[in-house]
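For reference, the chains in residue letters:
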Amino acid sequence: MDKKGIEESTITNFISLLQSCEAARYSPFSDVQMQADYEKASEVISLMDKQL
């Protein structure tokens, strides 16, 4: 992503989101946390799209 011009903060947010999703696979997550992850994913994907 760095080579494609994605900002470092966006990359960090994307990795954080992936880690959260990985944690959700193995532990019980609330609906609130899932909604927050969904909103964060939407935001990160939108930022990546704008930066490409």
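Shown above is the structure to which this text applies.
Just so we're clear, the structure is a prediction, and the values are computed from it rather than from any experiment.

Turning our eyes to something else, we now look at the pattern of salt bridges. With the rule as written, the count across this model stands at 1 salt bridge. A salt bridge links Arg-25 to Glu-22; its shortest N-O distance comes to 3.5 Å. With Arg-25 and Glu-22 both in helix α1 (residues 8-26) and 3 residues apart, the pair spans about one turn of that helix. A relative accessible area of 59% means that Arg-25 is categorised as exposed. By relative accessible area, which is 39% here, Glu-22 ends up partly exposed.

Analysis parameters
- Residues numbered from 1 in each chain as written.
- Predicted model: local features only at pLDDT ≥ 70, side-chain atom pairs only at ≥ 80, totals over all residues.
- Heavy atoms only, no water.
- Salt bridge = Lys/Arg side-chain N within 4 Å of Asp/Glu carboxyl O.
- Helix = DSSP H or I, 4+ residues; strand = E, 2+ residues; numbered from the N terminus.
- Buried < 20%, exposed > 50% of the residue type's maximum accessible area, 1.4 Å probe, protein only.

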